[in-house]
Structures are given as structure tokens and as C-alpha cells.
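# Notes for the structure review
The residues making up each chain are set out below.
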Amino acid sequence: MAEVYYLVLFCISFLLTGIYVLLWREHFDINISLIFFLVPIANLGYVFLGTSTDASSAAISIKVVYLSGCFLTLFITLCVLNLCEIHLGKWFLFIGFAISSVMFLFVLTIGIKPYFYKKLSFESTGTGFKVIKEYGPVHTLFYIYVGVFFAIAFAAIFYSLIKKRQVSNYIVKLLFLPEIIAFIGYMLNPLLKLGVELLPIAYVFAQFIYILIVQRMSHYKVSEMVISSMIQTGETGFISLDSDYHYLGANETAKRIIPEIEELSIDQMIKDVPELKKTVVHWVEHFEEDSKNSKNIIVRRDPENEENNRYYLVNTHYLYDGKKKCGYQIFLTDDTKNQKYIELLDRYKSELEEEVEEKTQHIVEMHNNLILSMATMVESRDNSTGGHIKRTSEGVRILIGEMKDDDSFELAPILTKNFCKNIIKAAPMHDLGKVAVDDAILRKPGRFTPEEYDIMKTHAAEGARIVHEILKDTDDEEFKIIAENVAHYHHERMDGSGYPEGLKGDEIPLEARIMAIADVYDALVSKRVYKDKMSFEEADKIMMESFGKHFDKRLEKYYISARPKLEAYYGPLDN
């Protein structure tokens, strides 16, 4: 009868192990796998024990039983700790394995030395044989060893039920069942004296419970499920390398995205492959330089149709063995929709910027034309031959052209592209203040009296005020300052004898100093109602004598180099 009992339980345990193999996934706890491996071995030992006919064969059968029994206790406890997410470290595993191994070494002395069993014999029962065991001192230690591990497992279960919110109560409660059944099997079997061992049925029951646990556990292993799902769907490519850039493997998606990977052998150094050095090696090096900004985009182009181009987002991370970095993991995710959307936004943005730039330019041109019209209106009131605004603007442009290419000029840093553009644009505004001067003075055909000249001189400060009012709402602060300075200070002199404030030397803004040269030169070579125009030679003599007094001596060489261009410009003019 005992033989049938053990055989049936062995068959059931073997069947349950087969079911577990079919359910097995990579993320299953290794201790559960070891439990399913050892239980059929233990039950097979009981089958041998039930069919033994002498002490020698019984001793061998018992050793097979304890081969599993010694280590099952350890693996069941480790399984409980892992499922309860209680990590005691490798030291616990080492100590547990060492104790289990020592116990099994004593088991091997059964029938040879009296350490584990003092005596092992057979007794006839009329219908078969009964094994008579007389336990030795180490067997008592074995019970203590089993009791300690069961206590640890029960403590872990109760602790998780009370304290651990991120552990499934359902799984923890299921863990309690095989623990209590196995405990009963270990501890009560010698007391009950049933004629058969309870442990085989306890093992089978534990297997059944662990199958329920692994089925349920699959739903809680979210990270592993996500990775498995990503691998199965084929939407994300994976490439693994060790720390020395040896190829460890990749999925089919990665091989499709980067065909060169298909030709690699495991452990091949990818730095030796030129195509991969430009991509995979570059990504890893970029990641090592800046792990927080390690994203890259690669494009797989369709030569026949640009619309079919595919964009992949590349993310690089460290590959870990426990807490130790052992290599790199590269993820390739199809990001085509996002990238095409970004391209679309960029295109719309560029078109919008062009449209805004066009309209802004139009507004600027209107603004400039308005200012130029005001200046022309003022000039029309002046008793001159006209064209002064245009001529002085051209004179400024010629002078600036000579100055901006000279890096030795001590004020060269000021001569930025914007400065040069702004002073040319501001030149027509230098006499706007004349709009406030009475016509009787402004249009007087002869020379001014001292009183009239004093009134005339007010046009400089008044011009600065008018320019300020016109440009006060402009966003171009630099242009506003240059335009005000040109209007305000273009009659100042380097020796301090100018007006309206009598500024001297570098107190006078550079733009006003440049404007003064163009303004005076035009006055000399142009015809007025009160004078004829001078020859270039006469005008040049006066200009050269004025450098260091009226004009900035440092600008003299630029006037000299600009003189041929000025004469070429003024020569054909009837002014």
C-alpha cells in the first residue's frame, strides 16, 4: 500500500514539474525552479524506500530523500524571502548553503557511522517490511536547522502582510500554505507514526501552490512584462555590449534598423567595424560624456520616396549585473511620427518667421520713409539748394566703409555691423530739429546775426528731442541712441568750441564725430544762397586743417582714404 502511495505522489509531482516547465518564464524566481526540480527527486527516493527489502537499499533511498530534503528547506526559505522582497544579502545564501551541505554530508554517513542514524533496520509486518530508524545526534540538529529556516520564512510572511504594501497579499497568503503543510510534514510525522511519510504529499501540495503563485506573480512583474512585451511586438530594438565594446546580442528589430549587426558574431569587438564605429560606438561614447543628454536620432532613408524615411530615437543606458555596471544597453525606438511632426512645426515656424520678417521689414521701410519724408520736409524749408540729406548720408556711408575694415582702429570694437547700419540710417535725421526754427531765420538769404545764430543752434538739442519722441516706442534701442546722438551732437567740436553742450574729445559720441565730417564736407563743396561751392582742393585744405580741432584726429586717415570716393560722388552733382 505504501509503495502505491509513494508512486502516485511521485507521478503527480513529476506532472506538476512538467506543467511548471510549460509555464516557465525568464523572470521566474530561480528558487522556485530548484524546488520543482528537487521535489520529484525526493518523492522518487520515497518510492525507492517503499520498495526496499534490506537495510542497504533503504539507506541509499533515504540518502536520495535527504539530498532534496536538506536543500529544499533552504530554497523554500529563499523563495519566501524573494517573493516578500526581503533581501538579506549573499551572506545569508552562503551560510544557508554551507549548513545544508554539511547536513547532507552527515546524511551520507547513514549505514556507515552513527552520526545521523544510530541504527537502520527492517522489520516484517506480515504484508511487507517496515524500516526501523534510530536517530543520531546530528538528526536532532537537522530538526533545529529545519525549524530555524521555517521560523525565518514565517517571520518574513507575517512581516510582509503587516508592513509591505508593494508585495501582493494574495501571494504572501499562498506562501503560508505550503510552509505550514511542510512544517507539519517535518515535525509531526515522527509523532503520528502513520506508517507512511507525510512529506511527499506536503511536497506535492507545495508544488500545486507554487504553480498558482507563478501564474499570479507574472501579473505583478510589471517591468519584466513590459520588456517581454516590447521584445515580442518588435517595436523597439535592443543592442547589448560589454564594457569593452564586445557584442553581446541584439533582437531582430535592431538588426533590421542597423543591418551591419546581422553580420556580427557574439563577443566580436564592434570598434573593428567601421559602420558601427560611426553609430553604436559613437552613441556609447556620447553617453559616457554626458549620460543625462544621451539621446540621438538616426534616419533610415528611402532613396525612392522621402516620405517613407524612418526616424529612430536612440537611448543608451548602463547594463547591470546586480549593482555592478557590466556594459551598455542601447534602445532603438521608432520616432518617425514625432520627428515628422517636429519637421512640420519647424517648416511652419520658418514660413511664419519669413512672413513676420517680411511684414516687419515692410513696417521698418514705412517707418524709415516717414522719417526721411520728415527730414526732406525740413530740408525744403531750409534756404539751401536741397539734397543735403541724401549727400550727407552717402558721405557717412563712404566714411564707414573705410573705417570698418581697419582692425587697428582703437574704436574698431564699436564698429559692429549694426552700428554701421544704424549710423547710415540715422544720418538723414541729423537736422530734424530745424523744424522748430522760425522760417524767417531758417530761410534768411544772408548770414545770421549773433542772436539769429543762437536760435539756429537750438536745432541740435531740439532735433534730439524730436528723434527721441519719434523712436521712443521702437524695440531697436541701439538705433534710437545713435539717432539721438547724431542729431544732438553733430555740431560739437573736439576742442570744445562746438554746440549745444560744448563737449570735448571722446565726450562726443563716435557717431556724431563721423556725422560732423560728412556734414561739414557737404557744406563746403555744395552751393548755398549765401556762397558758391568750393573746389575739392579748397574744401580739402579746410578739412585737413580742422582735424584735431573740429574733427577727431584719429578719423583723419579715413577721411583721406575716402576722399577719392567723395570727390567721385560729388563730382557729377550740380550742387
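For the structure, see preceding data.
Read on for an overview of the structure. Fair warning: this is a prediction, and the values are worked out from it, not measured in the lab. (Residues numbered from 1 in each chain as written. Predicted model: local features only at pLDDT ≥ 70, side-chain atom pairs only at ≥ 80, totals over all residues. Heavy atoms only, no water.)

Attention shifts here to helix α19 (residues 556–570). For α19, spanning 15 residues, the distance from its first C-alpha to its last is 19 Å, which sits close to the expected 21 Å at 1.5 Å a residue. Of all bends in α19, the biggest is about 45 degrees, found at A562, and the proline P564 comes one to four residues later. Regarding α19, the residues found buried are E556, Y558, Y559, A562, L566 and Y570. Of the surrounding elements, those touching the buried residues of α19 are α12 (388–403), α17 (510–525) and α18 (536–546). (Helix = DSSP H or I, 4+ residues; strand = E, 2+ residues; numbered from the N terminus. Expected span 1.5 Å × (residues − 1). Bend = angle between axes of the 7 residues up to and from the residue. Buried < 20%, exposed > 50% of the residue type's maximum accessible area, 1.4 Å probe, protein only. Contact = heavy atoms within 4.5 Å.)

In this section: the nonpolar core. Of all hydrophobic cores here, the largest spans 65 residues; its most connected members are L175 and Y210. Secondary-structure elements contributing two or more residues to this core are α1 (2–23), α2 (30–50), α3 (55–83), α4 (90–107), β1 (117–124), α5 (137–163), α6 (169–192) and α7 (199–220). Setting aside residues up to four positions removed in sequence, L175 forms contacts with V80, L83, C84, I157, Y210 and I213. V396, L399, A487 and Y521 belong to the second-largest nonpolar core, a separate cluster that totals 40 residues. (Core = buried A, V, L, I, M, F, W, Y, C linked by side-chain atoms within 4.5 Å.)

On to the packing of α12 against helix α13 (residues 417–426). Running from N to C, α12 and α13 point in directions that differ by 160 degrees, and their axes come no closer than 9 Å. Taken together, the axis directions place α12 and α13 in an arrangement best described as roughly antiparallel. Crossing angle aside, the handedness with which α12 passes α13 is right-handed. Counted together, S393, V396, R397 and I400 of α12 and F419, C420, I423 and I424 of α13 form the full contact between these two elements. Split into classes, the residues belonging to the contact of α12 with α13 amount to six nonpolar, one polar and one charged. (Axes fitted to C-alpha atoms, helices over the stretch in contact; angles between N-to-C directions. Parallel < 35°, antiparallel > 145°, perpendicular 65-115°, else oblique. Left-handed = near helix turned anticlockwise from the far one by under 90°. Nonpolar A, V, L, I, M, F, W, Y, C, P; charged D, E, K, R; others polar.)

For the rest of this paragraph, the subject is the side chain of K480. Among the structural elements, K480 can be located in helix α16 (residues 477–489). For K480, the residues in contact, after removing those within four places along its chain, are L471, K472 and T474.

On the surface, L88, W91, F94, I95 and I99 cluster together into a nonpolar patch covering about 500 Å² of accessible area. Note on placement: F94 falls in helix α4. (Patch = residues over 30% accessible without salt bridge, like charges linked within 9 Å, V, L, I, M, F, W, Y side chains within 5 Å. Areas by Shrake-Rupley, 256 points an atom, 1.4 Å probe, with all protein chains shown as cover. Salt bridge = Lys/Arg side-chain N within 4 Å of Asp/Glu carboxyl O.)

This next bit is on the pairing of strand β3 (residues 236–242). With seven of its seven residues buried, β3 lies for the most part within the structure. Side-chain alternation along β3 places T236, F238, S240 and D242 on one buried face and G237, I239 and L241 on a second face that is also buried. Two strands pair when backbone bridges link them, and β3 and strand β7 (residues 324–334) are joined in this way by seven bridges, in the antiparallel orientation. Residue pairing for β7: F238 is matched across the bridge by F331. Where β3 meets strand β4 (residues 247–250), three bridges bridge the pair, whose relative direction is antiparallel. Bridge assignment links S240 to a residue of β4, and that residue is G249. Here β3 hands over to β4 after four residues, with Y245 in that stretch at a positive phi of 70 degrees. (Pairing = 2+ DSSP bridges.)

Across the junction of Y499 and P500, the peptide omega takes the value 15 degrees, indicating a cis bond. Residue Y245 is not a glycine yet carries a positive backbone phi of 70 degrees. Within the fold, Y245 resides in the loop between β3 and β4.

Under the definition given, this model contains 31 aromatic pairs. Ring geometry for F71 versus F75: centroids 6.5 Å apart, planes at 25 degrees, classification stacked. Of this pair, F71 and F75 both sit in helix α3, four residues apart, which is roughly one turn of the helix. Each member of the pair, F71 as well as F75, is classed as buried. With 5.2 Å between their ring centres and 75 degrees between their planes, F238 and F331 make a pair best called edge-to-face. Of this pair, F238 sits in strand β3 while F331 sits in strand β7, and the two are 93 residues apart along the sequence. Clustering of aromatic rings is evident, with ring pairs tying together Y66, W91, F92, F116, Y117, Y135, F142, Y143, Y145 and F149. (Phe/Tyr/Trp six-rings, centres within 6.5 Å; stacked < 30°, edge-to-face > 60°.)

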